[in-house]
Amino acid sequence: MFLTKDEEKIFDGEMGEAQAIAIRLLVSIGEINGADSLIPIKSAHISGVSYKNIGDGGLKFLKKIADKVKVPTTLNPLGFDMERNGPVEVDRDFKEKQMEIIKTFMSMGIKESFTCTPYYFYQKTSYGDHVAWAESSALIYANSIIGARTNREGGPSALAAAIIGKTPNFGLHLDKNRVADYEVEVNGKLDYSGAAALGLYLGTNYPGKIPRLVGFNYLRDFELKAFGAALAASSATSMFHVENRTPDDTLNRGKKFERIEIDYNQLKNLMEEKSSSEKPELIAIGCPHLSKDEIDYIASLVKGKKKDKDVEVFLFASRETIKNSFESVKIIEEFGAKVFADTCMVVAPLSKKYHKTAINSGKASFYLPMKEYGGQEIIFRNFNDLLRWAVVDY
Ligand code: F3S
């Protein structure tokens, strides 16, 4: 792999140990994957922020590599909201370790973002930008909806890229790897959860392949966000196209693809198979974190209504989204739901208090039943069905 004179100096340790560790990690990844060089990036997004995920080993590595970042860098959410209490009580020891991790990230110049949707307020990412994003739901959104270019980074490689301001040039940074592998059609109209169920279906049955959705132009960006999050959670796929809609669909022009036809009922059955039939204790919405439009929409549905006292309703969004949705958040809180910032519903220890959780997210339906994420009994339905449990006289 070609390194410039300046990169060689960093590699040889002339700029300090942290930078040497970072560039060596990037070069190793690049060499394994056949990269020709390092290319500059516009931004980085780091996952693996929760102490639950990285543990003491991760914290030690973080302290060793802590150096100022060279590009705007954001952080994934944690297991609790730092300003409000909740969503459930977290042990003091855990909290202390978590705050140590955050302090270390902040000392590097990383933004206090704590969200898996950094593209809404924190990152000004544009078509054609090379970036290094971890967090599968965010990076598939960047590649597919924004048309930026990122590989599926892990927490350490995204951090190393942020410190050096560069990433190895391979994979989805190159045109030839961004072309679709197959086309998909569904004989029915999908909503948010239907799109998420389609993501799970394709991730499970066509792992690692890039789909091109045909006839899906009606889906809004937040529904495609749900689709991408489920697809990337259930497989290594990190990009998709929507015919004549997503920026890099131009790369598919003139090409012929195998077409897969999916019956809408297959997706409904998939959601049903994952769901318990009992009433949930908790309805959790916002995996990935909600946009302002989604919060406004939810507010319009619950305005002036009363929440059933036997079901909790938690919404999750970034601090900045919450701040910018002030009026709607007020309406939602008056209804009786709670809105949390900084928090990932999957890493939050929800199962300390709740065992039956209803969601409209394919990604959450993939993780929440896992033992390491609380072994929840889930109910995977569209938002309107969930509201039937939550709203009195809905
Ligand atoms: Fe975001 Fe956590 Fe879901 S990081 S996409 S809320 S699993």
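If you're wondering where the values come from, they're calculated on a predicted model, not measured in any experiment.

Enquirer: So what's going on with the pattern of salt bridges? Residues and values would help.
Expert: The tally for this structure, following the rule as stated, stands at 30 salt bridges. When the shortest N-O distance is used, the salt bridge between Glu83 and Arg319 registers 4.0 Å. One end of the pair, Glu83, is in the loop between strand 3 (73–75) and helix 4 (92–107); the other, Arg319, is in helix 12 (residues 319–324), and 236 residues separate them in sequence. Residue Arg319 is classed as buried on the basis of its relative accessible area of 18%. In this structure, the salt-bridge partner of Lys338 is Glu312, at a minimum N-O distance of 4.0 Å. On the criterion of sequence distance, the pair formed by Lys338 in strand 12 (residues 338–340) and Glu312 in strand 11 (residues 312–317) is long-range, its members being 26 residues apart.

Enquirer: Tell me about the domain arrangement of the chain, and name the residues and values.
Expert: With domains assigned, the chain is organised as domain 1 (5–174), domain 2 (179–271) and domain 3 (275–390). Domain 1 puts 17 residues into the contact, and the matching count from domain 2 is 20 residues. Together, the buried faces of domain 1 and domain 2 total about 1400 Å²; carbon and sulfur atoms form 61% of this surface. Of all residues in domain 1, the largest losses of buried area upon contact with domain 2 belong to Ile140, Ile145 and Arg152, amounting jointly to 37% of the total for that side. Where domain 1 packs against domain 2, one counts 1 salt bridge. When the shortest N-O distance is used, the salt bridge between Arg149 and Asp248 registers 3.8 Å. Linking domain 1 with domain 2 are 8 residue pairs in polar contact (both at pLDDT 80 or more), by the criterion used here. Mapped onto the side of domain 1 that touches domain 2, the elements with two or more residues apiece are helix 5 (118–121) and helix 6 (136–146). The element best represented in the side of domain 1 that touches domain 2 is helix 6, accounting for 9 residues.

Enquirer: Run through helix 10 (residues 264–274), naming residues and quoting values.
Expert: Among all positions of helix 10, only Leu267, Leu270 and Met271 are buried. Projection of helix 10 onto a plane perpendicular to its axis shows the buried side chains occupying an angular sector of 95°, all on one side. Packed against the buried residues of helix 10 are strand 6 (182–186), helix 8 (192–205), strand 9 (258–262) and strand 14 (377–380). Looking at where helix 10 begins, the residue whose side-chain oxygen comes 2.8 Å from the main-chain nitrogen of Asn265 is Asp263.

Enquirer: Could you give me a rundown of the layout of surface pockets, with the residues and numbers involved?
Expert: By volume, the largest pocket amounts to about 480 Å³. Around the largest pocket, the lining comprises 29 residues; the ones closest to its centre are Asn53, Asn76, Glu135, Cys344 and Lys363. Counting residues per element, the lining of the largest pocket draws most heavily on strand 10 (residues 282–290), at 4 residues. Along the lines of polarity and charge, the residues of the lining of the largest pocket split into 13 nonpolar, 12 polar and 4 charged. Of the domains in this structure, domain 1 (5–174) and domain 3 (275–390) are the two that each give at least three residues to the lining of the largest pocket. Estimates place the volume of the second largest pocket at around 280 Å³. Residue assignment for the lining of the second largest pocket shows that the elements contributing at least two residues are helix 8, helix 9 (221–233), strand 10, helix 11 (292–302) and helix 15 (383–390). Of the residues forming the lining of the second largest pocket, the biggest block, 3 residues, is contributed by helix 11. Here the lining of the second largest pocket is composed, by residue class, of 7 nonpolar, 4 polar and 4 charged.

Basis of the calculations
Note on numbering: residues in each chain are counted from 1, in written sequence order. It should be noted that, the model being predicted, local features are given only for residues of pLDDT at least 70 and side-chain atom pairs only at 80 or more, the latter also being counted only at that level, while totals for whole chains, interfaces and linings use all residues. In computing side-chain properties, one takes all heavy atoms of the structure into account and sets aside hydrogens as well as water. When a carboxyl oxygen of Asp or Glu lies within 4 Å of a side-chain nitrogen of Lys or Arg, that pair is called a salt bridge. Put simply, DSSP marks the helices as runs of H or I at least four residues long and the strands as runs of E at least two long, and each gets a number from the N terminus on. Only protein chains enter the area calculation, which uses a 1.4 Å probe; residues under 20% of their type maximum are buried, those over 50% are exposed, and those in between are partly exposed. Domains are outlined according to an automatic or database domain assignment. The contact criterion used is simple: two residues touch if any of their non-hydrogen atoms lie within 4.5 Å. The quantity reported as buried area is the accessible area (1.4 Å probe) lost by two parts once they are put together, taken as the sum for both. Between N or O atoms, a polar contact is any pair within 3.5 Å; within protein, one atom must be a potential hydrogen donor and the other a potential acceptor, and residues adjacent in sequence are included only when both atoms are from side chains. When we speak of the arc, we mean the arc of directions from the helix axis to the C-beta atoms. In the cavity and pocket records, a cavity denotes points on a 1 Å grid over the protein atoms alone where a 1.4 Å probe fits but cannot get out, a pocket denotes an open set with protein on both sides within 12 Å along at least 5 of 7 lines, and lining residues are residues with an atom within 4 Å of a point. Grid points are joined across faces, edges and corners, and a volume is the space filled by probe spheres set on the points. Nonpolar residues are Ala, Val, Leu, Ile, Met, Phe, Trp, Tyr, Cys and Pro. Charged residues are Asp, Glu, Lys and Arg, and all others, Gly as well, are polar.

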